[in-house]
Amino acid sequence: TGDILLNGVTETEARDYKKIEMPVVTFGKHSEYKSSSHGVFCYSTGLAIDPTTNFLYICDDGNNRVQVFNKSFEFIFHFSDKMDRPVDICIKRNKVYVTQNNSNLLTVHSTDGKYLESVGLKGKNHLEFDGPRGLDIC
């Protein structure tokens, strides 16, 4: 739709975006501590939008899960199977790809959060990672 989504924007930065007439929506809460509550993040990191449902998927690094919201930013579900510090996420062909910082994995899930498979080990060889962060599937 041409909208720009920013993750981890501070209140000051949000005010700066409003000055240039960018609509800003904030939702959820930040916690320095682990939480199982919906919409509470302990260091949100990567985000992606499912083009089929327009659901927003957000990596919740400190809580070892991905939280999913609808386009009105209402909580839908979360998934945490095989999560170990998820930091980035991408959705392609009805699959959700997540980089795992601590386990050095790229995990693959269905769009409803079911774990499908993973690749990776710690290292510098083929299919080995050292704290993977960024992700894009072409």
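Preceding block: the structure.
Residues numbered from 1 in each chain as written. Predicted model: local features only at pLDDT ≥ 70, side-chain atom pairs only at ≥ 80, totals over all residues. Heavy atoms only, no water.

Participant: Explain the sheet that holds strand S6 (residues 75-79) to me, and be specific about the residues and the numbers.
Facilitator: Across the sheet, 4 strands lie side by side as S3-S4-S5-S6; this open sheet has antiparallel pairing. Each edge of the sheet is formed by a strand with only one pairing partner; in this case those strands are strand S3 (44-49) and S6. Along the sheet, successive strands turn relative to each other by an average axial angle of 20 degrees, direction set aside. Across 4 bridges, S3 lies against strand S4 (residues 56-60) in antiparallel orientation. Counterpart to Ser 44 in the pairing with S4 is Asp 60. (Pairing = 2+ DSSP bridges. Helix = DSSP H or I, 4+ residues; strand = E, 2+ residues; numbered from the N terminus. Axes fitted to C-alpha atoms, helices over the stretch in contact; angles between N-to-C directions.)

Participant: Got a sec to walk through unusual backbone geometry? Specific residues and values, please.
Facilitator: Residue Asn 54 is not a glycine yet carries a positive backbone phi of 65 degrees. Tracing the backbone shows Asn 54 in the loop between S3 and S4. Not every positive phi belongs to a glycine, and Asn 104 is a case in point at roughly 60 degrees.

Participant: Quick one: what's the story with the nonpolar core, residue by residue and with numbers?
Facilitator: Judged by nonpolar contacts, Ala 48, Tyr 57, Cys 59, Val 66, Val 68, Phe 77, Phe 79, Met 83, Ile 89, Ile 91, Val 96 and Val 98 together constitute the single largest core of 12 residues. Among the secondary structure elements, those contributing two or more residues to this core are S4, strand S5 (65-69), S6, strand S7 (86-92) and strand S8 (95-100). Once you skip the residues sitting within four places of it in the chain, Val 68 turns out to touch Phe 55, Leu 56, Tyr 57, Glu 74, Phe 75, Ile 76, Phe 77 and Phe 79. (Core = buried A, V, L, I, M, F, W, Y, C linked by side-chain atoms within 4.5 Å. Buried < 20%, exposed > 50% of the residue type's maximum accessible area, 1.4 Å probe, protein only. Contact = heavy atoms within 4.5 Å.)

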